[in-house]
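This is what each chain is made of:
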Amino acid sequence: MKKKMILLATAAMITLFAANAQGGGMQRMPVPERVKMVMDKLTDFKLDKDKTAATDSAFTNYFTSQEKAMQDMRAGGAQPDREKMMETRKKLSGERDEKLKKIFTEEQFKKWKDEIEPTTRPQRPGGGSNTK
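One structure accompanies this document, and this report is about it. (Residues numbered from 1 in each chain as written. Predicted model: local features only at pLDDT ≥ 70, side-chain atom pairs only at ≥ 80, totals over all residues. Heavy atoms only, no water.)

## Considering the side chain of Arg 34
Then, number 1: Inspection of the secondary structure assignment puts Arg 34 in helix α2 (residues 31-41).
Then, number 2: With a relative accessible area of 8%, Arg 34 lands in the buried category.
Then, number 3: A polar contact is formed between the side chain of Arg 34 and the side chain of Gln 66, at a distance of 2.8 Å. (Helix = DSSP H or I, 4+ residues; strand = E, 2+ residues; numbered from the N terminus. Buried < 20%, exposed > 50% of the residue type's maximum accessible area, 1.4 Å probe, protein only. Polar contact = N/O pair within 3.5 Å; in protein donor to acceptor, adjacent residues only side chain to side chain.)

Below, the structure written as structure tokens:
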């Protein structure tokens, strides 16, 4: 009986450690960390002080609005409507992009949309694809 209890406790601890190592759930980075991550990817743009501040502000507003919208949708306790979430995310991205168009050159904005923005989206763990 004692061996079974030790074995069960060990299995439970291994499961907890494995779950924690895989991200531990749906936790998100805080807004300042997300902004810093994006700003670090824009170092090649060599933005001056004013453009850097405006860009930082655009991303801070975007991530803050996105977080608030997600909290509002989850406030009811039910599963959020996927279509509504996508619509809100698209609207917020459009507002952010309009601000960025005024800050970046055409070339910088194109690079942002084509190369950098795709790398800022959270990556989903693989495992669902059956390619034979």
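So that's the structure; there's more coming.
## Section: the packing of aromatic side chains
Then, number 1: In total, this model carries four aromatic pairs according to the counting rule given.
Then, number 2: Judged by centre distance (6.3 Å) and plane angle (25°), the ring pair of Phe 59 and Phe 63 falls under stacked. With Phe 59 and Phe 63 both in helix α3 (residues 49-74) and four residues apart, this pair spans about one turn of that helix.
Then, number 3: An aromatic cluster is defined as three or more aromatic residues linked by ring pairs; in this entry it consists of Phe 59, Tyr 62, Phe 63 and Trp 112.
Then, number 4: Residue placement shows Arg 96 over the ring face of Tyr 62; its charged tip is 4.4 Å from the ring centre. (Phe/Tyr/Trp six-rings, centres within 6.5 Å; stacked < 30°, edge-to-face > 60°. Lys NZ or Arg CZ within 6 Å of the ring centre and 35° of its normal.)

## Focus on the nonpolar core
Burial of nonpolar side chains together is a common tendency in soluble globular proteins.
Then, number 1: Core analysis: the largest hydrophobic core is formed by 18 residues, its most contacted members being Leu 42, Phe 45, Phe 59, Phe 63, Leu 100, Phe 104 and Trp 112.
Then, number 2: Counting residues per element, the ones that place at least two in this core are α2, α3, α4 (82-103) and α5 (106-120). (Core = buried A, V, L, I, M, F, W, Y, C linked by side-chain atoms within 4.5 Å.)

## A few points about the packing of α2 against α3
Then, number 1: Put simply, α2 and α3 touch, their axes get as near as 9 Å, and they point 135° apart. Relative to α3, the element α2 lies oblique. Considering only the axes of α2 and α3, their crossing is right-handed. From α2, Val 31, Arg 34, Val 35, Val 38 and Met 39 reach across to α3, where they touch Thr 52, Thr 55, Asp 56, Phe 59, Thr 60, Phe 63, Thr 64, Gln 66 and Glu 67.
Then, number 2: Residues that form the contact of α2 with α3 fall into these classes: six nonpolar, five polar and three charged. (Axes fitted to C-alpha atoms, helices over the stretch in contact; angles between N-to-C directions. Parallel < 35°, antiparallel > 145°, perpendicular 65-115°, else oblique. Left-handed = near helix turned anticlockwise from the far one by under 90°. Contact = heavy atoms within 4.5 Å. Nonpolar A, V, L, I, M, F, W, Y, C, P; charged D, E, K, R; others polar.)

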